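Given next are the chains, with one letter for each unit.
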Amino acid sequence: MTKISFKSIEMNTRNHTISTKDGRSLCIIEAGQPDGIPILVHNGTPGSRLLYDPWIKDAESRSVRLISYDRPGYGGSTPQPGRTVADAADDVAAIARELKLNRLSVWGVSGGGPHALACAALLPDLVVAAASLASPAPYPSAGLDWLTGMGEDNVAEFGAAFKGREALQRFVEAASPGMLAADPAALVQAFHTLLCPVDVAVFTEDLATYLLDAMREGIKEKRDGWVDDDLAFTTPWGFELDRIQIPVLLMQGEQDQMVPGSHGRWLADRIPGVESRLLPNDGHLTLSANRIPEVHAWLLSKL
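Small disclaimer: the values here were computed from a predicted structure and weren't measured.

Rules used in this analysis
Numbering of residues starts from 1 in each chain and follows the order in which that chain's sequence is written. Since the coordinates come from a predicted model, pLDDT governs what is reported: local features require at least 70, and pairs of side-chain atoms require 80 or more to be given and counted, while whole-chain, interface and lining totals use all residues. Values shown for side chains rest on all heavy atoms present in the structure; no hydrogens or waters enter the calculation. Put simply, DSSP H or I for four residues or longer makes a helix, DSSP E for two residues or longer makes a strand, and each gets a number counted from the N terminus. Patch rule: a residue counts if its relative accessible area is over 30% and it has no salt bridge; like charges are joined within 9 Å, and nonpolar side chains (Val, Leu, Ile, Met, Phe, Trp, Tyr) within 5 Å. Here the Shrake-Rupley method, with its probe set to 1.4 Å, supplies the accessible areas, and only the displayed protein chains count as covering residues. For this document, the term salt bridge refers to a Lys or Arg side-chain nitrogen within 4 Å of an Asp or Glu carboxyl oxygen. By the counting scheme adopted, Arg and Lys are positive, Glu and Asp are negative, and His together with the chain ends is not counted. Every charge is mapped onto a representative atom, which is NZ of Lys, CZ of Arg, CG of Asp or CD of Glu. In this scheme Phe, Tyr and Trp rings, the latter by its six-membered ring, pair at centre separations within 6.5 Å, and the angle between planes marks the pair as stacked below 30 degrees, edge-to-face above 60, and tilted otherwise. Accessibility here uses a 1.4 Å probe with only protein chains present; expressed as a share of the type maximum, an area under 20% marks a residue as buried, one over 50% as exposed, and anything in between as partly exposed. The criterion for strand pairing is that DSSP finds at least two bridges linking the strands in question. Whether a crossover is right-handed depends on one test, that the path from the first strand over the helix to the second runs clockwise when the strands point away from the viewer. For every element, the axis is a line fit to its C-alpha atoms; helices are fit only across the contacting stretch, and the angle between N-to-C directions ranges from 0 to 180 degrees. Here a crossing is called left-handed whenever its near helix is offset anticlockwise from the far helix by less than a right angle, and right-handed whenever the offset is clockwise. By definition, residues are in contact when any of their heavy atoms lie within 4.5 Å. Under the scheme applied, nonpolar residues are Ala, Val, Leu, Ile, Met, Phe, Trp, Tyr, Cys and Pro; charged residues are Asp, Glu, Lys and Arg; polar residues are all the others, including Gly. To estimate the expected span of a helix, subtract one from its residue number and multiply by 1.5 Å. Here the bend at a residue means the angle between the axes of two seven-residue stretches, the one that ends at it and the one that starts at it.

A. Region of interest: the environment of A160. Tracing the sequence through the fold places A160 in helix α4 (residues 152-163). A sequence separation of 12 residues divides A160 from V172, and the C-alpha atoms of the two residues are 9.2 Å apart.

So, in structure tokens, the structure goes:
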């Protein structure tokens, strides 16, 4: 029987730790309306379960129960070496069982996008609808030059992932101290190869502080989540996109230098029945900063 423990770290959030059937811990956060319509968020890489205040405020305004969790190896969740993107569906199903949710919707941004798509493909009886924002495509992807258009830092990171776990661990361990010690201004500088002008424009102190808090929560004690995310992205995902039969919204900024627009177009051509919004005036961070109310409204329209 899964045990749930409660720890409140903020007035408007509720934190749980659950145990999965295979004995792992998953750390969960809830915000918004406690008895509202459930929407589960898959955050980016590296990151954690923490939710951005504007997302919470929008959820409250729509009577949404907003849920997220630390993927294995981040924050309070047990590492799961060798996990695939598809394995996220089992964890979401476990969360739904423990929270006694028969149906929910999901969205994922950046590194959370593939995990949202996994839920769409593998949990059709649980997931009503899914939204994927700035998601990378599988690697390799026929007809897609996977690294073209990415900023230098992401090319270096995924280049290490292509070489295997040891090379990626060296990259992550070298990159982590600077990220953990950064302030908002330093974070902008650290991301300089990854930020297009529209992303720089929305990279406010509030957004930078949230991203720093989320990264620190995720990787301050261990880096397994970051390593296992990148390895999962660059090895077979464990499902085929053509299995998706539920409504999916895909958003992609055409100016994105973290996950180039070519990835979004590739996914849009291969997800059955997808509603694609390829946004010429958006980048990567603009989706998190400006588009989440639109995402919530779309998901709620599919109930």
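B. Summary view of a negative patch on the surface. A cluster of acidic residues, D53, D183, E205 and D206, forms a negative patch on the protein surface. By secondary structure assignment, the location of D206 is in helix α8 (residues 205-219).

C. Quick look at the packing of aromatic side chains. One pass over the full model with this rule turns up 10 aromatic pairs. Note on W146 and F158: the rings are 4.9 Å apart at their centroids and 90° apart in plane angle, and the pair reads as edge-to-face. Note that W146 is positioned in the loop between β7 (127-133) and α4 and F158 in helix α4, a separation of 12 residues in sequence. The exposure class assigned to W146 is buried, which follows from its relative accessible area of 3%. Classification of F158 as buried rests on a relative accessible area of 8%. Cluster of aromatic residues (ring-pair linked, three or more members): Y52, W55, W107 and Y210.

D. Focus on the pairing of β7. Of all seven residues in β7, seven are buried, a share of seventy percent or more. Sheet topology places strand β6 (residues 104-109) next to β7; five bridges connect them, and they run parallel. Paired with G108 across the strands is S132, a residue of β7. Following the backbone out of β6, through helix α3 (residues 113-122) and into the adjacent parallel β7, one traces a crossover that is right-handed. Both β7 and strand β8 (residues 248-253) contribute to a ladder of four bridges, which runs parallel. Across the sheet, the residue bridging to A130 is V248, located in β8.

E. The packing of α4 against helix α5 (residues 165-181), seen in detail. The contact between α4 and α5 brings their axes to 5 Å, and the two run at 145°. The hand of the α4/α5 crossing is left-handed. Facing α4, whose interface residues are D153, A156, E157, A160, A161 and K163, α5 presents A167, L168 and F171. Its residues assigned to classes, the contact of α4 with α5 shows six nonpolar, no polar and three charged.

F. Looking closely at the environment of A131. Mapped onto the elements, A131 comes out in strand β7. With a relative accessible area of 0%, A131 lands in the buried category. Taking the C-alpha atoms as reference, A131 lies 21 Å from Y210; in sequence the two are 79 residues apart.

G. Structural detail: α5. Look at α5: 24 Å from first C-alpha to last across 17 residues, which is about the 24 Å you get at 1.5 Å a residue. Remark: the principal bend of α5, roughly 30°, maps to A175, with a proline, P177, within the next four residues. Among the residues of α5, A167, L168, V172, S176 and M179 are the ones counted as buried. On the buried face of α5, the contacting elements are α4, α8 and α9 (224-233).

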